[in-house]
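Spelled out, the chains give:
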Amino acid sequence: MRTSGKMHGGAIHSGNQNTFGIVELLTHHYQNQLELVYYTHPKEIEVEAQHEFIIVLSLHDLEQVIRHYDDKRCPLPLIVHINEPDVMQNINHRRMFPGVEIMPVEQANLANDPDITLELSLLAKIMDRLALMTGRAARQQ
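Scope of this entry: the structure provided in the associated data block. Given the structure is predicted, the values throughout are model-derived calculations rather than measurements. (Residues numbered from 1 in each chain as written. Predicted model: local features only at pLDDT ≥ 70, side-chain atom pairs only at ≥ 80, totals over all residues. Heavy atoms only, no water.)

### What to know about the environment of Glu48
Keep this limit in mind: Secondary structure is summarised from DSSP: a helix means a run of H or I of at least four residues, a strand means a run of E of at least two, and numbering begins at the N terminus for each.
Note that Glu48 resides in the loop between β2 (34–39) and β3 (53–56). As for Glu48 and Lys72, which are separated by 24 residues in sequence, their C-alpha atoms are 9.7 Å apart.

### Considering the side chain of Glu35
As a reminder, the rule being used: Summary of the burial criterion: residues with accessible area below 20% of their type's maximum are buried, those above 50% are exposed, and those between are partly exposed, where the area comes from a 1.4 Å probe applied to protein chains only. We count Lys and Arg on the positive side and Asp and Glu on the negative side, and we leave His and both chain ends out. The term salt bridge refers to a pairing of a side-chain nitrogen on Lys or Arg with a carboxyl oxygen on Asp or Glu at a separation within 4 Å.
With respect to the helices, strands and loops of the structure, Glu35 is situated in strand β2. One buried charge, Glu35, has no salt-bridge partner; the nearest side chain with opposite charge is Lys6, at 5.5 Å.

### Looking at unusual backbone geometry
Although it is not a glycine, Gln50 sits at a positive phi angle of roughly 50 degrees. With respect to the helices and strands, Gln50 occurs in the loop between β2 and β3. Even without being a glycine, Arg73 presents a positive backbone phi close to 55 degrees. Taking the relative accessible area as the measure of exposure, Arg73 reaches 74% and is therefore exposed.

These figures capture arrangement, not role.
In structure tokens, the structure reads:
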């Protein structure tokens, strides 16, 4: 159930044992403004919950989230795809998923490259992207 005034999002943590830690670190500064639900599989997403965004940490989960919303015939929220830079450089989100709002975020594996810093302003960037999407939708009406 949504709490008034808070952003409502979801995060998929299938197969990635670091999801909780990564998402908690990336959203830490906005914890009191955020209601976040974790799902072990994209098919568990409660589409009627009307998430404003869904965080995924793999291309497979991204595809599964899009398929799940399509199967349920529900509009997709903003999808935040977090993955390692070398993976992200090989993905053209617009070509692979035309018409789907995807926010790609490069995030290095800290165990492999401890000199890479976390994107601690991620939630602010999500809010900015949602505002752009809302403005775009208003102009189209």
